[in-house]
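Notes for the structure review
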Amino acid sequence: MASKKVYSVCGMCTVRCPIQVDVKDGVCTFIQGNPHAAGINGSVCARGSAGIALIKDDERPQFPVIREGERGEGRWHRVSWDEALNQVASKLKEVTAKYGSRSILFSDRGGPFRDLYQGFVRGLGSPNYSNHDASCARNVHHAAQSLFGVGREELVNDLKNARHVVLQTRNIFESINVKEVNDLLDALDKGCRLTVIDIRANVSSTKANNFFLIRPKTDYAFNLAVIHTLLYEDLYDHAFADRWIQDFKALQQFVRPYTPEWAERETGIDKDRLVSFVRELTEAKPSVVWHPGWMASRYRDSFYFCRSIYIINALFGSIGAKGGLPLTSTPSDVGRKGLQKFAELFPKSQEKRADGVGWRYPHFDSGAGLLQLAFKAIETEDPYPVKAYIAYRHDPLTGFPDSEVLKRIFQKLDLIVSVTFSWSDTAWFSDVVLPLSPYLERESIMATKNGLKPYFFVRQRAAEPRFETLADWEIICGLAKRLGMEALAFNSAEDMWNFQLRGTGVSIKDFDASGMVPLSKDPKYRKVEELKFKTPSGKIEMISNKLETQGLPSLKPYEPAPKPGEGQFRLTFGRCAVHTQGHTVNNMLLSKEMPENELWLNKKVGEGMGIADGERVEISGGKHSVTIKAKLTDLIHPDAVFMVHGFGHTLTTESRAIGKGVLDNALMTGGLDLWDPAGGGMAMQEHFVTVRKVK
Ligand code: SF4
């Protein structure tokens, strides 16, 4: 029997942990974390270990199909790859000839392999590359940019060396990133303190020294009171603030009214507990990580909430500090040349972006753009018609609110293409479905992990595809060939990797030993004197000109959070440890672990409504009503209900997921128009629902 071990990269969520796959006679038999990767220590999460079930799944798209009948009807005819790619290429040419290349929109889920897709979109001549980030971390990214001049990924959360970690809207032990989990567990073993601030007790809070059950949408108030305490009790790092914080006085004046007493009225958190928590945190400075969060597309002021987190970190002197938020190093920061980029094969389009980012909204960073605004542009044809859409491993019909509105908007498109390894509502509504090989059956481009110790890594193909599916590069390069983009029309993965590695001093063979090539020997912590912030002043800016010139305040006064009306609850959602949004709920192993979601409802409130634990209740939002099993618990704020996101599938192709649980987005009527004007993120937890016992 032929056995081998293949170094690859997990694809069960967007974290992309390095893995090692055991393969016997061409079949993947076991997955573990790459034992050579620091912080991974051979481990994967439950989802990562269920990757083999994804390969075995016969309910995924097995061959390319083209739509027959109406969009969304689910009538398809099977075609060869040649026919499918020819069809997509000729439709793209047709749309380009009629409306110009700018009329093509592409979205993906971000991540380390996006350079290939960005190269493709540039090759098409369109400025409209976008990803899902508006429904995820865009507010965090823009908050970092407004203060430091660099994005969120240019700061590391040095959990391993932290002495106090604060998780606020970041549920590390359920929304898992294996390295973050391992690093935090190591730190906790060494005595690091953990504080969790949330509207419900989650797994992270079970490991915390302090847990604050906060009233929904009042996190910003809590943080303003923390800043007030730091400044007015003189607990902040003076040397750091004097050297690095620009417009410190403006901050001081701004937070003067936001006392712990004031915050108690808003948040429901005892003022003395807040003050003693801040004093406790101060003892750990500068090795404090107040985690800036991840999915912060929650409220209409989430951008300012994210800014407040970064400001608190700066006041502890954590920015740049070991055990705090040191600056990320890129290959060039450690004296090495980075990978050659596919995006640089073609000139950047000079056209304006359809979403208005960079011109109508100059305070937003391009890159991921704002997909909800690109969708609006499809509807309004302002600034121009957008007529073709490629959704690459992306399902906006379940990831964004208002799927019925979105479907109406999508009807204005001449072409919808879905590249996917699993069925999704967006794939079902597409004209052409191009089935992607699951990650264990495909290789991907090489990528760089920037951090304290940057490295290159590669995803190797562990097994040959079971069905007629292709790797991402085979699809992109196949289209590039048909569209005359010769520079991107690679014939083999090796050709592509050699292109990327040109001039780096690294060869493909160098990945054999561990699947990764480290670019420095030791982690690099830059000295505080060496910190460089890319703001106009070179400092951390409390007042951002970019915001102010757009009429947006840099320091936004707090607006009280509305209380839910009689019989209403704020709808909140989040993650669990065994599912990645909607991508895994039909997985044959993971669906058994958690087949459906439940509605968390405060026990006292629920009992007052005559609802028993485990009983089915009707939940209504906007025009939609659905039924779901109630979970009565003391561990959620009475103003909110909560459910795990990703359930409520309706496609007949997914026998394990169909009819199980509820999709939270379905209850967010009008949500496509609700977004944070300063940070760009969707405001997906600004919806109120009613709950009633089903008779
Ligand atoms: S966190 Fe889990 S699912 Fe995500 S990449 Fe890592 S092992 Fe895979």
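Attention in this report is confined to the structure presented alongside it. Computed from a prediction, not measured in an experiment: that's the story for all the values here.

With that settled, the discussion passes to the overall build of the chain. Summing up its helical and strand segments, the chain has 22 helices and 25 strands in all. Expected size for 695 residues packed as a compact globule is a radius of gyration near 26 Å; at 25 Å, the chain falls within 12% of this value. With the C-alpha coordinates of the chain rotated into their principal frame, the extents come out at 70 × 70 × 55 Å. Each of the 695 residues in the chain was classed as buried or not, and the buried ones make up 61%. A separation of at least 24 residues holds for 72% of the contacts in the chain among residues at least 6 apart in sequence. In the form shown here, the chain has an accessible surface area of approximately 25,700 Å², with 49% of it arising from carbon and sulfur atoms. Averaging the coordinates of the 89 positive side-chain charges in the chain and doing the same for the 83 negative ones gives two points 2 Å apart.

This part is about the sheet that holds strand 25 (residues 688-693). Taken in spatial order, the six strands of this closed barrel run 20-24-21-23-22-25, and their pairing is mixed. Sheet twist, expressed as the mean angle between neighbouring strand axes with direction ignored, is 45°. Pairing of strand 22 (residues 616-621) with strand 23 (residues 624-633) involves six bridges; the strand directions are antiparallel. Within the sheet, the bridge partner assigned to Ser 620 lies in strand 23 and is Ser 625.

Attention shifts here to the sheet that holds strand 10 (residues 210-213). With parallel pairing, four strands are arranged side by side in an open sheet as 10-9-8-12. The sheet is open, and its two borders are formed by strand 10 and strand 12 (288-290), each paired with just one other strand. Between one strand and the next, the sheet's axes are offset by a mean angle of 5°, whatever the strand orientation. Of the pairings in the sheet, the one linking strand 8 (residues 164-168) to strand 9 (residues 193-198) comprises five bridges and is parallel in character. Paired with Val 165 across the two strands is Leu 194, which belongs to strand 9.

On to the site of the ligand. Surveying the vicinity of the ligand reveals the residues Cys 10, Met 12, Cys 13, Arg 16, Cys 17, Val 44, Cys 45, Arg 47, Gly 48, Ile 176 and Val 178. For the shell around the ligand, the per-class residue count stands at eight nonpolar, one polar and two charged.

With 13 residues, helix 12 (residues 271-283) ought to run about 18 Å at 1.5 Å a step, and its terminal C-alpha atoms sit 19 Å apart, in line with that. Among the residues making up helix 12, those that are buried are Leu 274, Val 275, Phe 277, Val 278, Glu 280, Leu 281 and Thr 282. Contacts from the buried residues of helix 12 go to strand 8, strand 9, strand 10, helix 8 (219-232), helix 11 (260-267) and strand 12.

So, on to the packing of helix 3 (residues 81-99) against helix 18 (residues 472-482). For the pair helix 3 and helix 18, the least separation of the axes is 9 Å and the interaxial angle reads 55°. Taken together, the axis directions place helix 3 and helix 18 in an arrangement best described as oblique. Crossing geometry of helix 3 relative to helix 18 is assigned as right-handed. Note on element contacts: helix 18 touches helix 3 through Ile 475, Gly 478, Leu 479 and Arg 482, opposite Trp 81, Asp 82, Leu 85, Asn 86, Val 88, Ala 89 and Lys 93. Across the contact of helix 3 with helix 18, the residue classes tally to six nonpolar, two polar and three charged.

A few words on the layout of surface pockets. In this structure, the second largest pocket spans a volume of roughly 620 Å³. What lines the second largest pocket is a set of 32 residues, and nearest its centre among them are Ser 403, Glu 404, His 624, Leu 663 and Ala 666. Among the elements that line the lining of the second largest pocket, the one with the most residues is helix 16 (residues 403-410), at five residues. Classifying every residue of the lining of the second largest pocket by side-chain character gives 14 nonpolar, 11 polar and seven charged.

On the secondary structure map, Glu 443 appears in the loop between strand 15 (432-435) and strand 16 (447-449). By relative accessible area, which is 10% here, Glu 443 ends up buried. Reaching out from Glu 443, the side chain makes a polar contact with the side chain of Arg 461 at a distance of 2.8 Å. One polar contact links Glu 443 to Trp 473, side chain to side chain, over a distance of 3.0 Å. Here Glu 443 is in contact with Arg 459, Gln 460, Arg 461, Ala 471, Asp 472, Trp 473, Ala 493 and Trp 497, once residues within four sequence places are set aside.

A few words now on the packing of aromatic side chains. For the structure shown, the criterion picks out 35 aromatic pairs. Centre to centre, the rings of Phe 490 and Phe 499 are 5.6 Å apart; their planes meet at 50°, and the pair counts as tilted. A single burial state applies to Phe 490 and to Phe 499, both of which are buried. Three or more aromatic residues joined by ring pairs make a cluster, and in this case those are Tyr 220, Phe 254, Tyr 258, Trp 262, Phe 303, Tyr 304 and Tyr 558. Over the ring of Phe 173 we find Lys 207; its NZ or CZ atom is 5.4 Å from the centre of that ring. Above the face of the Trp 600 ring, Lys 631 is positioned so that its terminal group lies 4.9 Å from the ring centre.

The next thing to look at is the pairing of strand 8. Burial analysis of strand 8 places five of its five residues in the buried class, the great majority of the element. Here strand 8 shows a buried face lined by His 164, Val 166 and Gln 168 and a second buried face lined by Val 165 and Leu 167. In this fold, the crossover linking strand 8 to strand 9 by way of helix 6 (residues 178-189) has right-handed handedness. Direction of pairing for strand 8 relative to strand 12: parallel, over a ladder of three bridges. Directly across from Val 166, in strand 12, lies its bridge partner Trp 290.

Attention now moves to the side chain of Arg 442. Relative to the assigned elements, Arg 442 resides in the loop between strand 15 and strand 16. Looking at Arg 442, the relative accessible area reads 4%, which means it is buried. With residues up to four places along the chain from it excluded, the contact list for Arg 442 reads Arg 393, Leu 436, Ser 437, Arg 459, Gln 460, Arg 461, Ala 471 and Asp 472.

Of the positions making up helix 19 (residues 493-501), those classed as buried are Ala 493, Met 496, Trp 497, Phe 499, Gln 500 and Leu 501. Looking at the buried residues of helix 19, the elements they touch are strand 17 (455-457) and helix 18. In the stretch just after helix 19, Gly 503 is the one whose phi turns positive, near 85°.

With that out of the way, let us pick up the environment of Leu 519. Structurally, Leu 519 can be placed in the loop between strand 18 (516-518) and strand 19 (540-541). Separated by 234 residues in sequence, Leu 519 and Lys 285 place their C-alpha atoms 30 Å apart. Beyond its immediate chain neighbours, meaning those up to four positions away, Leu 519 contacts Pro 331, Val 334, Arg 336, Pro 454, Tyr 455 and Phe 456.

Another aspect to go through is the packing of helix 8 against helix 10 (residues 248-255). The N-to-C vectors of helix 8 and helix 10 enclose an angle of 115°; their axes lie 9 Å apart at closest approach. Helix-helix and strand crossings are classified by hand; for helix 8 and helix 10 the assignment is left-handed. In this structure, helix 8 contributes Tyr 220, Leu 224, Ile 227, His 228, Leu 231 and Tyr 232 to the contact, and helix 10 contributes Phe 248, Leu 251, Gln 252, Gln 253, Phe 254 and Val 255. Split into classes, the residues belonging to the contact of helix 8 with helix 10 amount to nine nonpolar, three polar and no charged.

What counts and what doesn't
Per chain, the residues get numbers from 1 upward, laid out in the order the sequence is written. Restriction of local features to residues with pLDDT of at least 70 applies here, the model being predicted, together with a cutoff of 80 or more for giving and counting side-chain atom pairs; totals for whole chains, interfaces and linings are based on all residues. Here the side-chain values reflect all heavy atoms present in the structure, with hydrogen atoms and water set aside. Helical segments are the DSSP runs of H or I of at least four residues, strand segments are the runs of E of at least two, and each set is numbered from the N terminus. We compute the radius of gyration over the C-alpha atoms and compare it with the globule rule, which gives 2.2 Å times the number of residues raised to the power 0.38. Relative accessibility under 20% of the residue-type maximum defines a buried residue, over 50% an exposed one, and the middle range a partly exposed one, all with a 1.4 Å probe and only protein chains included. By definition, residues are in contact when any of their heavy atoms lie within 4.5 Å. Exposure was quantified through the Shrake-Rupley algorithm and a 1.4 Å probe, taking into account, for residues, occlusion by the shown protein chains and nothing else. Positive charges come from Lys and Arg, negative ones from Asp and Glu, while His and the chain ends are left out of the count. By convention, the charge on Lys lies at NZ, on Arg at CZ, on Asp at CG and on Glu at CD. One requirement defines pairing of two strands: DSSP has to find at least two bridges between them. To define axes, lines are fitted to C-alpha atoms, for helices over the stretch in contact only, and angles between the resulting N-to-C directions are given on a 0 to 180 degree scale. Working definition: residue near molecule or strand if any one of its non-hydrogen atoms lies within 4 Å of it. Each residue gets one label: Ala, Val, Leu, Ile, Met, Phe, Trp, Tyr, Cys and Pro are nonpolar, Asp, Glu, Lys and Arg are charged, and the others, such as Gly, are polar. In this scheme, a helix's expected span is set at 1.5 Å multiplied by one less than its residue total. We call two directions roughly parallel when the angle between them is under 35 degrees, roughly antiparallel when it is over 145, roughly perpendicular when it lies between 65 and 115, and oblique otherwise. Note on convention: the crossing is left-handed when the near helix lies turned anticlockwise from the far helix by less than a right angle, right-handed when the turn is clockwise. Think of a 1 Å grid over the protein atoms and nothing else: a 1.4 Å probe that fits but is trapped marks a cavity, an open set flanked by protein within 12 Å on at least five of seven lines marks a pocket, and residues with an atom within 4 Å of a point count as lining. Grid points are joined across faces, edges and corners, and a volume is the space filled by probe spheres set on the points. Polar contact is the term for a pair of N or O atoms within 3.5 Å; when the atoms are in protein, one must be able to donate a hydrogen and the other to accept it, and sequence-neighboring residues count only if both atoms are side-chain atoms. For Phe, Tyr and Trp, rings pair up if their centres lie within 6.5 Å, where Trp contributes its six-membered ring, and each pair is then called stacked (planes under 30 degrees apart), edge-to-face (over 60) or tilted (otherwise). We call a charge positioned above a ring when the Lys NZ or Arg CZ atom is no farther than 6 Å from the ring centre and deviates by at most 35 degrees from the ring normal. Crossovers are marked right-handed if the path from the first strand over the helix to the second runs clockwise, as seen with the strands pointing away from the viewer.

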